[in-house]
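Breakdown of the fold
Here is how the chains run, residue by residue.
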Amino acid sequence: MKLGLPIIDELIDVPAGKVVTYYVDPEVEGDVFLMQTTQKNVEDGYKCCFVTTSMSPMTVRNRFKEFGWDINVENFSILDAYSGIVGDISNEKYFVRDPSNVEELSDTVKMTIAENDLVAICSLSTMIDLCGEDVLEHFKEWCKLASLNDSVLVVQFIAWPYDEKIVEIVKDLSNAVITVGGIHHRVILGQYYGLLKVDWTDVKGKSVLFKLVKPGGVRAYIPKILVTGPYNAGKSTFVHAISERAISVDRLGTTVALDHGHVEYRGFSIDVFGTPGQERFDPILKVLGGEALGVILIVDSTKPESFPRAKKMLEETTRFGLPYVVAANKQDLPNALSPEEIRKRMNLPDDVPIIPTVANKGIGVYEVLDALIDLLMRWSYEH
Ligand SMILES: Nc1nc2c(ncn2[C@@H]2O[C@H](COP(=O)(O)OP(=O)(O)OP(=O)(O)O)[C@@H](O)[C@H]2O)c(=O)[nH]1
Ligand SMILES: [Mg+2]
C-alpha cells in the first residue's frame, strides 16, 4: 500500500500487516494525514475503516469532502467512537456505545482489523486520554492482530507531553513512524513531515515541507528562498546558476526589480528570489524577508568594504530569525578572502555556514543550497 503522501510514497511501500504511526505535533493539523492515507487506499480499492474518537462521523465525512475526496463508496466505513461520548446514537457500520470502556472499544477495533485491509485510528492519544494507559496493552494486541490478518494499521498519536515511557511504547510497537511538525520561530513559518523510522526497509530519514490545500490535502511545500547581498556581489548570477529557468529584471547590468528562479532539487520544489543590491531598493528587502523561509547572503569575497552593507542586508531580511547561509563568492579572483577570514571580519557566529563559490562557473552553488536545506530541516526539528 501507499500512504498517499508526496515524496514518502516514492520512498516506501507499506507491506500488509504493518503498523504506521503519525506522530503529530499538537499545533499541527494531523487528522488530514490519516484521511489522506485512507482516501488513497479507498481509491486503490482496499477496504478501509476510519476510526473517529474526537469528531462526529458527519464532521469526518464533511472534512473528506472539503479535501475533494469521495468516501461515499462501499469499501469505506467508519468506526464511531465519538457519538457515545456526547450521548448520541450512531448509524455507522461500527459503533462503540461507551468509548471510555476500554474492553468495548478494543473489541470493536479488533473487529474492524479483522474485516478491513486498512484501519486508520484517529486518534490513539484521544483513546489514552479517555481510557487511560490500559489502551496501550490493547494497542499491542491490535498490532499483533493486524500482522496476523495482513491488515495495515495507521495510527495518529499526538505529541502531548506524555510520559516518555508511553511515547517509547507507541514508537516501538510501530513498524514506521512519521513525524508531523511545525517550523516556528515566534510564528509558524511552515510545516513538515518526516520519516523517523521504518523497520522493513532501509531508507534514510527524510523531511518534507508541506502545505494543506483544499481540495487536494497534503502537498510538498515550495519554500521561498531569498538571495540577497551588496551591489554586484553575484546574486543574479547565483540565481541563474541554480535555476532551470530564471528571469531577471536588470538595467545596465544591475538588478532593478527582482531575480526569480525555480529549482527542483532533492525532491523539493523551490522558488528563489534575488533582491537588488542597491540601497535605493531597500524598502523591498523587509517585505521579501517576511515571506521567505531562508536567506542566502552573497558577498563578493574581494570587497571587504562591502561587508558592513552585507551585514545590514542580512539583518533586514532575517529579522524574524530566519536561518541563513553565506556564499563567499568570486573565489576565483586573486584577492578573494577565505570563508574563515570573512567570518572574522563580518563577526558571524561559528555555526553559520560560509561556502566558497564561483557563481559564474556554477562552482559551490548547490553546496550553498544543501547547507540551507539542511539548516531548514534541522531547524524544523529543534524548534
Ligand atoms: N570573477 C567572478 N565574477 C563573477 C562571479 N559571480 C558573478 N560574477 C560577475 O559579477 C558581476 C555582477 O554579477 P551579478 O550577478 O549581476 O551581481 P548582482 O549581485 O546581481 O548585482 P546587482 O543586482 O546589481 O546588485 C557580473 O559581471 C558577473 O558575471 C564569480 O564568482 N567570479
Ligand atoms: Mg542582480
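Bear in mind the structure is a predicted one, so any value in this text is a computation, not a measurement. (Residues numbered from 1 in each chain as written. Chains lettered and ligands numbered in written order. Predicted model: local features only at pLDDT ≥ 70, side-chain atom pairs only at ≥ 80, totals over all residues. Heavy atoms only, no water.)

**A look at the site of ligand 1**
Applicable threshold: It suffices for a single heavy atom of a residue to lie within 4 Å of a molecule or strand for the residue to be listed as near it. Under this definition, polar contacts are N or O atom pairs within 3.5 Å; protein pairs additionally need one hydrogen-donor-capable and one acceptor-capable atom, and for neighbouring residues in sequence, both atoms have to be side-chain atoms. All accessibility values rest on the Shrake-Rupley procedure with a 1.4 Å probe; residue burial counts only the protein chains present in the view. Strands here are runs of E lasting at least two residues and helices are runs of H or I lasting at least four, both read from the DSSP assignment and numbered beginning at the N terminus. Ten residue types, Ala, Val, Leu, Ile, Met, Phe, Trp, Tyr, Cys and Pro, are classed as nonpolar, four, Asp, Glu, Lys and Arg, as charged, and the remainder, Gly among them, as polar.
Around ligand 1 lies a shell of 18 residues, among which Lys-235, Thr-237, Thr-254, Thr-255 and Asp-332 are the nearest. A distance of 2.9 Å separates an oxygen atom of ligand 1 from a polar atom in the backbone of Gly-234. Thr-237 is positioned such that a nitrogen or oxygen atom in its side chain is 2.4 Å from an oxygen atom of ligand 1. Here ligand 1, which alone exposes 660 Å², has 81% of that area covered by the protein. Looking at the shell around ligand 1, the elements that each hand over two or more residues are helix 8 (235-242) and strand 13 (254-265). With 3 residues, helix 8 is the single largest residue contributor to the shell around ligand 1. Taken together, the residues of the shell around ligand 1 sort by class into 6 nonpolar, 9 polar and 3 charged.

**What about the packing of aromatic side chains?**
This is how it is decided: Stacked, edge-to-face and tilted labels apply to pairs of Phe, Tyr and Trp rings (six-membered ring for Trp) whose centres lie within 6.5 Å, assigned for plane angles under 30 degrees, over 60, and everything in between, in that order. Buried means the residue's accessible area, taken with a 1.4 Å probe over protein chains only, is under 20% of the maximum for its type, while exposed means over 50%, and partly exposed covers the values in between. We call a charge positioned above a ring when the Lys NZ or Arg CZ atom is no farther than 6 Å from the ring centre and deviates by at most 35 degrees from the ring normal.
Taken as a whole and judged by the stated rule, the model has 11 aromatic pairs. A ring pair is formed by Phe-33 and Tyr-193, whose centres lie 5.5 Å apart and whose planes are at 75°; its orientation type is edge-to-face. Of this pair, Phe-33 sits in helix 2 (residues 31-43) while Tyr-193 sits in strand 8 (residues 187-198), placing them 160 residues apart in sequence. Phe-33 sits in the buried class, given a relative accessible area of 0%. The class of Tyr-193 is buried, set by a relative accessible area of 0%. Within the aromatic cluster, the residues linked to one another by ring pairs are Phe-50, Phe-64, Phe-67, Trp-69 and Phe-76. In this structure, Lys-214 is placed above the aromatic ring of Phe-67, and the distance from its NZ or CZ to the ring centre is 5.5 Å. Between the NZ or CZ atom of Lys-224 and the centre of the ring of Phe-273, over which it lies, the distance is 4.6 Å.

**Overview of the environment of Arg-219**
Quick note on the threshold: Every residue pair with non-hydrogen atoms within 4.5 Å of one another is taken to be in contact.
Here Arg-219 lies in strand 10 (residues 217-220). With 11 residues separating them along the chain, Arg-219 and Val-208 place their C-alpha atoms 9.3 Å apart. Apart from the residues lying within four places of it in its own chain, the contact partners of Arg-219 are Pro-6, Leu-209, Phe-210, Lys-211 and Val-213.

**So, a nonpolar patch on the surface**
Threshold: Patches were defined on residues exceeding 30% relative accessible area and lacking a salt bridge, with like-charge contacts within 9 Å and nonpolar side-chain contacts (Val, Leu, Ile, Met, Phe, Trp, Tyr) within 5 Å. A carboxyl oxygen of Asp or Glu within 4 Å of a side-chain nitrogen of Lys or Arg is what we treat as a salt bridge.
Judged by side-chain polarity, Ile-85, Val-86 and Leu-130 come together as a nonpolar surface patch covering roughly 230 Å² of accessible area. Its place among the elements puts Leu-130 in helix 5 (residues 124-131). The exposure class assigned to Leu-130 is partly exposed, which follows from its relative accessible area of 32%.

**With respect to the domain arrangement of the protein chain**
Here is the rule we go by: For the purposes of this description, domain bounds are those given by an automatic or database domain assignment.
For the protein chain, the domain assignment lists domain 1 (8-221) and domain 2 (224-377). For domain 1 versus domain 2, the separation of C-alpha centres amounts to 41 Å.

**A closer look at the packing of helix 4 (residues 102-115) against helix 6 (residues 134-149)**
Just so we agree on the cut-off: Only C-alpha atoms enter the line fits that serve as axes; for helices the fit covers just the stretch in contact. Angles between N-to-C directions range over 0 to 180 degrees. Comment on the angle field: the value is read as roughly parallel under 35 degrees, roughly antiparallel over 145, roughly perpendicular from 65 to 115, and oblique elsewhere. For any pair of crossing helices, the crossing counts as left-handed if the nearer helix is rotated counterclockwise from the farther one by less than a right angle, and right-handed if it is rotated clockwise.
It is at 10 Å that the axes of helix 4 and helix 6 come closest, and there the two elements cross at 15°. Classified by the angle their axes make, helix 4 and helix 6 are roughly parallel. By crossing handedness, the relation of helix 4 to helix 6 is classed as right-handed. Of the residues in helix 6, those in contact with Val-102, Glu-103, Ser-106, Val-109, Lys-110, Ile-113 and Ala-114 of helix 4 are Val-135, His-138, Glu-141, Trp-142, Leu-145, Ala-146 and Asn-149.

**Brief notes about unusual backbone geometry**
Of the consecutive residues Cys-122 and Ser-123, the connecting peptide bond is found in the cis state with omega at 15°. On the secondary structure map, Ser-123 appears in the loop between strand 5 (118-122) and helix 5. The phi dihedral of Asp-150 is positive, around 60°, even though this residue is not glycine. The residue Asp-150 is located in the loop between helix 6 and strand 6 (152-158) in this model. Positive phi, normally seen in glycine, also occurs at Lys-330, with a value near 60°. Mapping Lys-330 onto the fold places it in the loop between strand 16 (324-329) and helix 11 (339-346).

**Overview of the side chain of Ser-301**
Along the chain, Ser-301 falls in the loop between strand 15 (294-300) and helix 10 (307-317). The buried category is assigned to Ser-301, whose relative accessible area is 0%. In terms of polar contacts, Ser-301 uses its side chain to reach the backbone carbonyl oxygen of Asn-329, at 2.6 Å. Excluding its chain neighbours within four sequence positions, the residues that come into contact with Ser-301 are Ala-328, Asn-329, Gln-331, Asn-335, Ala-336, Leu-337 and Ile-342.

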